[in-house]
Each structure stands twice: as structure tokens, then as C-alpha cells.
Amino acid sequence: MNVSIVGSGYVGTTVAACLADLGHEVVTIDIDEDIVDAINDGESPIHEPGLDELVAEHGGGRLRASTDYEEILDTELTMLALPTPSNDDGSIDLQFMEAGAASIGEALAGAERSADDPHLVLTKSTVVPNTTEDRLAPRIADAGLERGTDFLVASNPEFQREGTAVVDFLNPDKLVFGTDDDRATDLLHDLYAPLREAADGDVPVVETGISEAEMIKYANNTFLATKVSLINDIGNICKEFGVDAYEVADAIGLDNRIGEQFLRSGVGWGGSCFPKDTDAIIAAAREQGYDPAVLSAAVELNDAQPERLLSLLGDHVDVSGQRVAVLGLAFKPGTDDIRNTRAVPVIEGLQERGADIVAYDPVATENMRERYPDIEYADTAAAALAGASGAVVVTDWDEFAALDTEFDEMADPVVVDGRRIIERRDGITYEGLTW
Ligand SMILES: NC(=O)c1ccc[n+]([C@@H]2O[C@H](COP(=O)([O-])OP(=O)(O)OC[C@H]3O[C@@H](n4cnc5c(N)ncnc54)[C@H](O)[C@@H]3O)[C@@H](O)[C@H]2O)c1
Ligand SMILES: O=c1ccn([C@@H]2O[C@H](COP(=O)(O)OP(=O)(O)O[C@H]3O[C@H](CO)[C@@H](O)[C@H](O)[C@H]3O)[C@@H](O)[C@H]2O)c(=O)[nH]1
């Protein structure tokens, strides 16, 4: 199939490269010329395991990028993979989606299409229920197009995680096709047929309505975010009793009704999705007159975990004027993404306490330097720890598990671990956040 994807960021580029690898001809459209040039040169614009290889193989060939929306005219369907950030009040900001939908409409309006061949526009981005229906389809139609004749809309939310996006996309737990027209459902089946054939095991397809598909994405993300907040709540109780929350989590995870995943307690959830999506659905629900109590509590608890980490550090060291190492800046391992990373409240809390921060991350340093140019960045974890009177661990990068004698170089070897990644050992004062 010929496929176009509007927005070539974390999702758009990963989906495009994977679809190209599965045999489709794919073009991404982005307003950022650096991204477009990188893809056409066979270079991935983001850090994501496995993506470099796919873009190197297909970039400039079956995978192309462009700044020109006219490219969609040679494709059977277009995915919208544009950002859906938050407004100041937490509600979803749809300006990028509406702009993209309007540009798609203008491009389609400029071309001859036969009535039995409407162009399918898929919402891949995470949007609150009824967005595709009430906000995007009308923007496409604004160009003088008729829904059902000139174009179709559908929702096809994406569940990939950063750090494992390629593997997740190619082996999803489910595919969700939110449609109101059999022609859209058929096109979605054609699009994903090679993926379902290549995936390890069966991939269930959920055929549902457009707004149900949009809500499934929020239910998925907020359920998982709340699961982490719940294990953090339980973990905080464990810490009060001197109980190891990880032993407790391992045991409850054996109950199939609970499941072993997303039970890692610590400094909380961050990233480009859980925080903004939780805020967006809370705001959307409130607008409808419903106040979601459990989701609000999940956010509140998550916001408090970084402060608990700093308070534990404060039990051992007065950090004012002291060098403190922050290990890990990315919101999770495997990515250079710092959007809503827990490192931000940790850094700001340390700054408020007057600490001299030295930060280290294997891949996210440059992104963080743009945001906090004035803190010191070390090239290795060992260099960050050397001379520090305290260290906090914010991201569970594997390499931190191997740290050992590096702690001997600290001025005061106090380590507060927000991710259960450092081995307790003699010679350091070790505090786990929930164990
Ligand atoms: N990041 C993830 O792992 C993930 C996973 C599932 C779903 N999502 C959802 O997917 C959507 C996209 O997220 P992302 O992380 O890929 O965002 P991103 O910010 O990484 O990428 C968006 C891209 O869109 C481009 N863009 C902005 N306006 C444009 C326009 N008018 N025309 C063309 N291009 C334009 C930007 O230059 C950028 O490259 C969001 O709704 C997000 O919630 C993200
Ligand atoms: O047991 C756990 C699991 C995760 N986290 C934290 O939760 C956040 C999110 O992690 P993860 O879900 O692995 O990464 P994301 O890339 O944010 O993926 C989520 O958000 C994406 C964007 O919507 C969805 O597509 C994915 O299905 C959903 O898992 C990170 O800060 C993790 O450190 C924990 O603290 N404990």
C-alpha cells in the first residue's frame, strides 16, 4: 500500500519505518526540514532502539519524507501523528491536529478523486473522545470536501512505548480499528495484514466505533499510570514499615488478576504520554460534569514522589552548597526523551535546596542541557559521583546496576535510589524510595 503519515516525531517515524519494513511505500510529512532531510538521508531523527537500522535500510527508498502535503495524493490513506500537548489547564490542545487536518483537506481538494475512492484519514495521535468526529472531520471538510464521498475518518490509536517502540509496534497486544464505515475497516485490515502475518503470535483486532477507539487509548494509559501510582502508594506504606515493596509486588504480580507488569514502585511516571493524557481526560471529564476521583489521586500521588525522594536524601545530608549527583535524566531507559521526566522536579527541588547539581545520562544529556544550561553535566556516572555528597537515581538505565567502586569516590556516599537499580553494598548509605 501507499501510506502517508503527517508528523514524523517519535510515533510517526517509528510507524513509518516499520510499515516500510513490512513492505509498504511510506512518506512522512513534517514541517521540520531537519527531520525530513535526516529520514531521506537514512538517519533516524530520534533515539529509539532498532530505528537507526530501519531508517538506514529504507530511508530515501520505501521510506521517504517531505514537507509537502501534496504527497498524500499518491497514497491510499493518511495517518495523523501530530502532537496533542496540554493547555495550561491540562486540557488537550488540538491546534496541531486541526492544522494538520485542514492541510490534508486543502491537499485533497486540489485533486480529482473518484466518488468510490475516498481518502482515509486515520487519527493515530491520542485525542479525547469525539475529537475525530467533532474537530478533525469538519476541518478536512472545510476545504469543500464531503465526508463519505471524498474522505473517510477513523481512529487507530497507538500503544507503543518509547525505548521499545519498534518491537512494540511490530508485536502489539492488540490493534484497535475505530471506524464508522466498512471501507475504512477494510483499508485498516489491508494496512496491518503484513504486520499480523509477521508478528510473533496472534494479534487481536478490536473493531469498534471511532470515539470508543479514542477512549480505549485513554483507558489504557490511565489504567497503567494509576497502577503505578497504586504500587507507589503501597510502596510508601511499605517504606514506613521497613517492608520491601519489591518482594510484595513480585508476590501480588503472581495473581493473574493483578499481573506482574507495571508494579515497579519508585519516583513515579513521566514521559510524553501518561502525564498529559491523564490531565487531558480528567479535564475532558470535568467539562462533561464528572470529576474522576481515582485519576486525580493518581496524579497527586505521582507529583509527590520526587519530593519524597529528596526528603529521604535530606534525612542524611544537608545538600545546601553540596555537590549532588543526579543519575538519569530521560523519563525512562532506552530513550533520549525528557518530556515530563521525574528528573525535572528532582533537579528543581535540589536547586531550591541550594545544591550544586552534577547530572549524568547516557543519551539524554543534550536535551536536558537545552532546558537547564547552567547545571554541570558529567560524561560518565563515575565522574558525576566523584566528590558528590549524595546521589539520587531517577532513571533505571541498566548501566547503573553495574556501579560499584565508583561510589567509593563520593565525598559522602549517600545514595537514594528512585528506581531499585543500585545494589546495596557496604560502604554506602543506601535508601530505596519504597524498600
Ligand atoms: N511518543 C510516544 O511513544 C507515543 C505513543 C503513542 C501515542 N502517542 C501520541 O502520538 C502523538 C504524537 O506524539 P509524538 O511523541 O510522536 O510527538 P512528536 O512531538 O515527537 O512529533 C510530532 C511531529 O509533528 C510535527 N508537526 C507539528 N505540526 C505539524 C504540521 N502542521 N504538519 C506536519 N508536521 C507537524 C513536528 O515537527 C514533530 O516532528 C501524540 O498524540 C501522542 O500522545 C505518542
Ligand atoms: O512499573 C513501572 C512502569 C513504568 N513506570 C514509569 O512510567 C512511565 C511510563 O513508562 P512506559 O509506559 O514504559 O513508557 P511510555 O513510552 O510513556 O509508554 C506509555 O505511553 C505511550 C504513549 O501513549 C503508550 O503508547 C504506551 O502504551 C504506554 O505504556 C516511565 O516514567 C516509567 O519509568 C514506573 O514507574 N513503574
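Residues numbered from 1 in each chain as written. Chains lettered and ligands numbered in written order. Predicted model: local features only at pLDDT ≥ 70, side-chain atom pairs only at ≥ 80, totals over all residues. Heavy atoms only, no water.

Undergrad: Kindly report on the overall build of the protein, identifying the contributing residues and their values.
TA: Counting secondary structure elements, the protein contains 15 helices and 14 strands. Along the three orthogonal principal directions, the C-alpha set of the protein runs to about 75 × 45 × 40 Å. Taken across its 435 residues, the protein has 54% of its residues classed as buried. Across the protein, every contact between residues at least 6 apart in sequence was considered, and the portion connecting residues at least 24 apart equals 72%. Here the protein has roughly 18,600 Å² of accessible surface; of this, 46% comes from carbon and sulfur atoms. Each charge class in the protein can be summarised by its mean position, and for the 30 positive and 85 negative side chains these summaries are 5 Å apart. (Helix = DSSP H or I, 4+ residues; strand = E, 2+ residues; numbered from the N terminus. Buried < 20%, exposed > 50% of the residue type's maximum accessible area, 1.4 Å probe, protein only. Contact = heavy atoms within 4.5 Å. Areas by Shrake-Rupley, 256 points an atom, 1.4 Å probe, with all protein chains shown as cover. Lys, Arg positive; Asp, Glu negative; His and termini not counted. Charge placed at Lys NZ, Arg CZ, Asp CG, Glu CD.)

Undergrad: Provide a residue-level description of the UniProt feature "domain: UDP-glucose/GDP-mannose dehydrogenase C-terminal" (unreviewed entry) in the protein, including the pertinent values.
TA: When the UniProt feature table is mapped onto this chain numbering, "domain: UDP-glucose/GDP-mannose dehydrogenase C-terminal" (unreviewed entry) sits at residues 325-424. Taken as a whole, residues 325-424 contains 26% helix and 17% strand, while its terminal C-alpha atoms sit 17 Å from one another. (UniProt positions renumbered as here; feature names shortened; annotations may be inferred.)

Undergrad: Run through helix α7 (residues 182-198), naming residues and quoting values.
TA: Its 17 residues place the ends of α7 24 Å apart at the C-alpha level, agreeing with the 24 Å of an ideal helix rising 1.5 Å per residue. Taking the largest bend as the criterion, α7 deviates by roughly 45°, centred on Tyr192, and proline Pro194 comes between one and four positions later. Regarding α7, the residues found buried are Ala184, Thr185, Leu187, Leu188, Leu191, Tyr192 and Leu195. (Expected span 1.5 Å × (residues − 1). Bend = angle between axes of the 7 residues up to and from the residue.)

Undergrad: Quick rundown of the site of ligand 1? Include the residues and the values.
TA: Close to ligand 1 lie 27 residues; Val11, Asp30, Tyr69, Thr84 and Lys276 are nearest. At 3.1 Å from an oxygen atom of ligand 1 is found a main-chain nitrogen or oxygen belonging to Tyr10. Asp30 is positioned such that a nitrogen or oxygen atom in its side chain is 2.6 Å from an oxygen atom of ligand 1. A total of 840 Å² of accessible area belongs to ligand 1 in isolation, and the protein chains cover 90% of it. Residue composition of the shell around ligand 1, by class: 12 nonpolar, eight polar and seven charged. A domain-level breakdown of the shell around ligand 1 finds at least three residues from each of domain 1 (2-208) and domain 2 (221-435). (Near = heavy atom within 4 Å. Polar contact = N/O pair within 3.5 Å; in protein donor to acceptor, adjacent residues only side chain to side chain. Nonpolar A, V, L, I, M, F, W, Y, C, P; charged D, E, K, R; others polar. Domains from an automatic or database assignment.)

Undergrad: Tell me what's going on with the domain arrangement of the protein, and back it up with residues and numbers.
TA: Split into domains, the protein comes out as domain 1 (2-208) and domain 2 (221-435). Taken together, the contacts link 16 residues of domain 1 with 17 residues of domain 2. Summing the contributions of domain 1 and of domain 2, the shared interface buries around 1,200 Å²; its carbon and sulfur component is 53%. The largest share of the area that domain 1 buries against domain 2 comes from Tyr10, His47 and Glu162, three residues that together contribute 42% of it. Seen at the junction of domain 1 and domain 2, the total is one salt bridge. Salt-bridge contacts for Arg339 lead to Glu162; the nearest nitrogen and oxygen are separated by 3.6 Å. Partitioning the side of domain 1 that touches domain 2 into residue classes produces six nonpolar, seven polar and three charged. (Buried area = accessible area lost by both parts, 1.4 Å probe. Salt bridge = Lys/Arg side-chain N within 4 Å of Asp/Glu carboxyl O.)

Undergrad: Mind laying out the packing of aromatic side chains, listing which residues take part and the relevant values?
TA: Summed over all chains, the structure comprises six aromatic pairs. Joined through ring pairs, the aromatic side chains of Phe169, Phe177 and Tyr192 make up one cluster. When the ring centre of Phe159 is taken as origin, the NZ or CZ atom of Lys174, which lies over that ring, is 4.2 Å away. (Phe/Tyr/Trp six-rings, centres within 6.5 Å; stacked < 30°, edge-to-face > 60°. Lys NZ or Arg CZ within 6 Å of the ring centre and 35° of its normal.)

Undergrad: Please set out the environment of Ser125 residue by residue, giving values where relevant.
TA: Inspection of the secondary structure assignment puts Ser125 in the loop between β5 (119-123) and α5 (131-141). Taking the C-alpha atoms as reference, Ser125 lies 29 Å from Gln305; in sequence the two are 180 residues apart. Residues in contact with Ser125, not counting those within four places in the same chain, are Leu80, Ala81, Leu82, Thr84 and Met97. At 2.6 Å, the side chain of Ser125 forms a polar contact with the backbone oxygen of Leu82.

Undergrad: I'd love a proper account of the pattern of salt bridges, names of residues and values included.
TA: Evaluation of the coordinates by the stated rule reveals 23 salt bridges. Its salt-bridge partner being Arg425, residue Asp408 comes within 3.4 Å of it at the nearest N-O pair. Separated by 17 residues along the polypeptide, Asp408 in the loop between α15 (398-401) and β13 (414-417) and Arg425 in the loop between β13 and β14 (429-432) bring together distant segments of the chain. Accessibility expressed as a relative area gives 22% for Arg425, which makes it partly exposed. Here the salt bridges share partners, and the residues they tie into one network are Glu98, Arg135, Arg139 and Asp142.

Undergrad: Explain the UniProt feature "active site" (unreviewed entry) in the protein to me, and be specific about the residues and the numbers.
TA: Listed under "active site" (unreviewed entry) in the UniProt record, and renumbered for this structure, are Cys273. Mapped onto the elements of the fold, Cys273 is located in the loop between α9 (245-253) and α10 (274-287). If near-sequence neighbours (up to four positions away) are discounted, Cys273 is found in contact with Asn221 and Thr278.

Undergrad: Before we move on, can you summarise the site of ligand 2 with the specific residues and values?
TA: Within the structure, ligand 2 sits among 20 residues, and Phe159, Gln160, Glu162, Asn221 and Cys273 are positioned closest to it. Between ligand 2 and Asn221, the relevant distance is 2.8 Å, taken from an oxygen atom to a side-chain nitrogen or oxygen of the residue. For ligand 2, whose free accessible area comes to 690 Å², the fraction covered by protein is 92%. For the shell around ligand 2, the secondary-structure elements that each account for two or more residues are α8 (210-241) and α10.

Undergrad: Quick one: what's the story with the nonpolar core, residue by residue and with numbers?
TA: Side chains of nonpolar character tend, in soluble globular proteins, to be buried together. Within the largest apolar cluster, 53 residues are counted, with the highest numbers of intra-cluster contacts made by Leu313, Leu327, Leu329, Leu350, Met368, Phe400 and Ile422. For this core, the elements supplying multiple residues, two or more each, are α11 (293-314), β9 (323-327), α12 (343-352), β10 (356-360), α14 (381-385), β12 (391-393) and β13. Among all residues touching Leu313, those that are not within four sequence positions of it are Val319, Val324, Leu350, Gly390, Val392, Val414 and Val416. (Core = buried A, V, L, I, M, F, W, Y, C linked by side-chain atoms within 4.5 Å.)

Undergrad: Account for the sheet that holds β13, with residues named and values stated.
TA: With parallel pairing, the six strands of this open sheet are ordered in space as β11-β10-β9-β12-β13-β14. Of all strands in the sheet, those with a lone pairing partner are β11 (376-377) and β14, marking the two edges. Bridge count for β10 against β11 is two bridges, and the pairing is parallel. Along β11, the bridge assignment pairs Ala359 with Tyr377. Against the sheet, α11 engages β9, β12, β13 and β14, with an angle of about 160° to β13. (Pairing = 2+ DSSP bridges. Axes fitted to C-alpha atoms, helices over the stretch in contact; angles between N-to-C directions.)

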